[in-house]
Amino acid sequence: MVNTPVIFNPFVPSYRRNPYLQLDRLRAAEPVHRSDALQAWILTKYDDVLRVLRDHETFSSDARNAGGQIAAAIAEQRTNSPLGDTRSVLASDPPEHAFLRGIVNRAFTPRSVEALRPRMEEITATLLAEAPDTGEWDLMAGLAQPLPVIVIAELLGIPPEDRVQFKAWSDRIALTTDIMQSPETIESIRTATAELIEYFEGHITDRRQHAREDLISALVSAESEGRRLTGAEVLAFAILLLVAGNETTTNLIGSGMRTLLANPEAMVALRAAPECIPAAIEEMLRYDSPVQGIVRFATRDTQIGDRTVAKGDVVMGMTGAANRDPDQFPEPATFDLDRNDSRHLAFGQGIHYCVGAPLARVEAAIAFREILARWPSVEAAGDAEMGGTFLIRGPVRLPLAVAR
Ligand code: HEM
């Protein structure tokens, strides 16, 4: 038998429309794939991705463990970054990670999130009140984009009138997850970060003098393991919360709705039994994951499957592909409301498991419940326009034909 090399090319436009064609092929033919174009290992099997996420000693989140050309590129990025060498919770390893994580854990427990529910319902109702009773309505601009930004802005304690600017900064910074960044994009990320820092610095100075009941005040005053955050750490945290919580939740609502439009019987079932919406959201997260991949850096030589990964190598655990591994999820390309299996990796796994998961779940549940309650008829009014990057997936425009 002649072994034909597997081609994995996420740069083609069809990948953005449907990455699963290529990811499924890769999982079947070469689940541990070395991509020269990406200079990374691409993992598509559930077990391999899970192992990488759980073994944080071998697979570091700190880019300083990268080797080769990637190390040089990352070092240059850091030199140019307005935040310099300050690492966020997402990009740190133990023991630093535990210290940083300890600070935000409390703000996002299911209980604290439940307390925010009435306010999230109010924001959703206000946004939906601006939508037509009958006609065309873009779910993304109308609800999926503003809802998470308003919620995180209010949590942080940012004035609501600043949220348009806030969202624009967040979108530009989120481009760091793209594989190919043009010099213009790199410059745009740098200036957006610098502007956002300046903006946050004003708020941080204010909260140092007058603490309030908001997350910036909590970050400023928080003490974990006998130590406080430095000014740069407070900034890195605030920026991470803004970026990590925004586009991801937007994409969950957008991709989730695309999935329902393609599976009308599921939409009918949810109308009849809205109490099943939380379970449906778990299946949406599995079926079309907002975060498609998670990056790690090998701290030692190790084996994954039959391949040797060298110290310093970049490893991309493709969570979106793992969530469609047929060895874990029978008929993975079927959206199945009765699956009742929430072992998906859409929020990661292990010590970096998404701190905002309870918040995202409640936001999405409110969004779907209110949309279905408001309009007895919701259909597609044209194709979705897909946005995102290699690691983040979701629509930027999703026109709906709604009718009362
Ligand atoms: C559907 C929405 C969301 C998805 C799919 C998502 C996904 C993820 C994933 C996959 C990780 C793990 C990254 C890694 O292991 O390197 C993560 C971490 C994180 N997420 Fe989320 N996220 C969502 C919403 C949110 C929200 C609403 C917030 C906060 C407001 C948030 C804040 C964070 C933070 C701070 C981390 C880092 C945790 C750590 O490093 O310990 N996320 N998220």
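Keep in mind the model is a prediction, meaning the values are calculated, not measured. Per chain, the residues get numbers from 1 upward, laid out in the order the sequence is written. Local features in this predicted model are restricted to residues whose pLDDT is 70 or higher, and side-chain atom pairs enter the listing and the counts only when it is 80 or higher, whereas totals over whole chains, interfaces and linings include all residues. The basis for every side-chain value is the complete set of heavy atoms in the structure, and neither hydrogens nor water enter the calculation.

## Section: the coordination of the iron atom of the ligand
Here is step 1 of the chain: Donors, by definition, are the N, O and S atoms found within 2.8 Å of a metal, the threshold being 3.2 Å for Na, K and Ca, and water is not counted, so a site can look incomplete. Just one protein ligand coordinates the iron atom of the ligand, and it is Cys-354 (SG) at 2.3 Å.
Here is step 2 of the chain: Its place among the elements puts Cys-354 in the loop between helix 15 (319-322) and helix 16 (357-374). By the criteria applied, helices consist of DSSP H or I runs no shorter than four residues and strands consist of E runs no shorter than two, each listed in order from the N terminus.

## What about the sheet that holds strand 7 (residues 294-298)?
Here is step 1 of the chain: Spatial strand order, 1-2-10-7-3: 5 strands in an open sheet with mixed pairing. The strands lining the two open edges of the sheet, one partner per strand, are strand 1 (32-35) and strand 3 (59-60).
Here is step 2 of the chain: Across 2 bridges, the pairing between strand 3 and strand 7 is antiparallel. Its bridge partner being in strand 7, Phe-59 is matched across the sheet by Ala-298. Note on pairing: two strands pair once DSSP finds at least 2 bridges between them.

## Regarding the packing of helix 8 (residues 146-156) against helix 9 (residues 163-174)
Here is step 1 of the chain: For the pair helix 8 and helix 9, the least separation of the axes is 10 Å and the interaxial angle reads 105 degrees. Considered as vectors, helix 8 and helix 9 are oriented roughly perpendicular to each other. Contacts between helix 8 and helix 9 pair Pro-146, Val-149, Ile-150, Ala-153 and Leu-156 from the former with Arg-163, Phe-166 and Lys-167 from the latter.
Here is step 2 of the chain: Residue classes follow a fixed rule: Ala, Val, Leu, Ile, Met, Phe, Trp, Tyr, Cys and Pro count as nonpolar, while Asp, Glu, Lys and Arg count as charged, and any other residue, Gly among them, counts as polar. Counted by class, the contact of helix 8 with helix 9 contains 6 nonpolar, no polar and 2 charged residues. Fitted lines through C-alpha atoms give the axes, limited to the stretch in contact for helices. The angle between two N-to-C directions lies from 0 to 180 degrees. Each angle gets one of four labels, with under 35 degrees taken as roughly parallel, over 145 as roughly antiparallel, 65 to 115 as roughly perpendicular, and the rest as oblique. What makes two residues a contact is simply this: any of their non-hydrogen atoms within 4.5 Å.

## Here's the deal with the environment of Ile-253
Here is step 1 of the chain: Mapped onto the fold, Ile-253 is located in helix 12 (residues 231-262).
Here is step 2 of the chain: On the basis of relative accessibility, which here comes to 0%, the residue Ile-253 falls in the buried class.
Here is step 3 of the chain: Once the C-alpha coordinates of Ile-253 and Ala-365 are considered, the two residues, 112 residues apart in sequence, prove to be 8.9 Å apart.
Here is step 4 of the chain: Residues in contact with Ile-253, not counting those within four places in the same chain, are Leu-139, Ala-144, Leu-147, Ala-364, Ala-367 and Phe-368. Buried, partly exposed and exposed residues are distinguished by accessible area as a fraction of the type maximum, computed with a 1.4 Å probe on protein chains only: under 20%, between the cut-offs, and over 50%, respectively.

## Quick word on the site of the ligand
Here is step 1 of the chain: As a structural note, the neighbourhood of the ligand is formed by 26 residues, with His-97, Arg-101, Arg-296, His-352 and Cys-354 the closest of them.
Here is step 2 of the chain: By the criterion applied in these results, polar contacts are pairs of N or O atoms within 3.5 Å in which, for protein atoms, one can donate a hydrogen and the other can accept it, and in which residues neighboring in sequence qualify only through two side-chain atoms. Here Arg-296 contributes a side-chain N or O atom positioned 2.7 Å from an oxygen atom of the ligand.
Here is step 3 of the chain: Put simply, the parts of the chain that give the shell around the ligand at least two residues each are helix 5 (96-105), helix 12, strand 7 and helix 16.
Here is step 4 of the chain: Ranked by the residues each element gives to the shell around the ligand, the list is headed by helix 12, at 6 residues.
Here is step 5 of the chain: In the shell around the ligand, the residues fall into 17 nonpolar, 7 polar and 2 charged. When at least one non-hydrogen atom of a residue lies within 4 Å of a molecule or strand, that residue is treated as near it.

## Notes on unusual backbone geometry
Excluding glycine, residues mostly carry a negative phi; peptide bonds, for their part, are mostly trans.
Here is step 1 of the chain: Cis peptide bonds are those with omega within 30 degrees of zero, and the linkage from Pro-94 to Pro-95 qualifies with 0 degrees.
Here is step 2 of the chain: Assignment of secondary structure puts Pro-95 in the loop between helix 4 (68-80) and helix 5.
Here is step 3 of the chain: At Glu-331, a residue that is not glycine, the phi angle is positive and equals roughly 45 degrees.
Here is step 4 of the chain: Note that Glu-331 resides in the loop between helix 15 and helix 16.
Here is step 5 of the chain: Phi angles above zero are rare outside glycine, and Asn-340 is one such case at about 50 degrees.
Here is step 6 of the chain: If you trace the backbone, Asn-340 turns up in the loop between helix 15 and helix 16.

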